[in-house]
Amino acid sequence: MRILLVEDDAMLADGLREAFARLGYGVDHLARAEPALTAVALHDFDLLLLDIGLPDMDGLELLRRLRAAGHRLPVLMLTARDALQDRVAGLNLGADDYLVKPFAMPELIARVQALVRRSQSNAQSVMTLGELVMDIAAHQATLGGQALRLTKREWTLLERLLLAAPRVLSKQKLADSLSQWDKEITANAVEIYVSRLRAKLEHGTVLIRTVHGIGYRLEDARDAPAG
Ligand code: CA
């Protein structure tokens, strides 16, 4: 999962970055609104965490411009305690949810996960495909009842493939999910992570099929068509 965080409070931004990093999520941080317009146009984010009080442009104005430009990514606003009008305006402008500062990190994480699941049309915290079970909220995966030990990148990769299944995900899209600006992941590197993940899935029936020239698809070998 890749999150864009637009927040001018550096300490809060660092805290959020660390908390999400522990879950294997990439957080790209901007302290101003203006560059966020470009970032959203260039990269494939799963969610925007948007502070409303920003130095260069009101977060609400940024939200208005993003929606006007047709960007549909989920937006969670971070607002001040007494800013009822901001919250109402933000929801009317197309924000999906809000949290009032100061907030508890577990609540923020749960809301972020819920919004991303909803936007992927998957309302379940526990996703399954054949013998594979991924509990997103608990951050646990099992294959045929055996715990899968995954690195953060392998977890993200598997989560994206499972959310997308039976659709094919492009290598570039997977690279975007695994990337942060300070550590850009190339499409070639995605191949390496896919092969490591394949090794860990080896003893089950779930497999990552290469769709040549396009990307990858997660399948249950027992009901997947050949080819
Ligand atoms: Ca602020």
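For the structure, see preceding data.
Residues numbered from 1 in each chain as written. Predicted model: local features only at pLDDT ≥ 70, side-chain atom pairs only at ≥ 80, totals over all residues. Heavy atoms only, no water.

A.B. asks: Would you mind showing me how to read the side chain of T79 here?
C.D. replies: Take T79: it is sitting in strand β4 (residues 75–79). Residue class for T79 comes out buried when judged on its relative accessible area of 1%. Apart from the residues within four sequence positions on either side, T79 is in contact with I52, R87, L99, V100 and K101. (Helix = DSSP H or I, 4+ residues; strand = E, 2+ residues; numbered from the N terminus. Buried < 20%, exposed > 50% of the residue type's maximum accessible area, 1.4 Å probe, protein only. Contact = heavy atoms within 4.5 Å.)

A.B. asks: Sorry if this is basic, but what is going on with the sheet that holds strand β5 (residues 97–100) here?
C.D. replies: Think of a sheet as strands paired side by side through backbone hydrogen bonds, with each pair either parallel or antiparallel. The 5 strands lie next to each other as β2-β1-β3-β4-β5, forming an open sheet whose pairing is parallel. The sheet is open, and its two borders are formed by β2 (26–30) and β5, each paired with just one other strand. Neighbour-to-neighbour, the strand axes of this sheet turn through a mean angle of 20°, independent of strand direction. Here β4 runs beside β5; their pairing, made up of 4 bridges, is parallel. Note on β5: the bridge partner recorded for T79 is V100. Packed onto the sheet, helix α1 (residues 10–22) meets β1 (2–6), β2, β3 (47–51) and β4 and runs at close to 165° relative to β2. (Pairing = 2+ DSSP bridges. Axes fitted to C-alpha atoms, helices over the stretch in contact; angles between N-to-C directions.)

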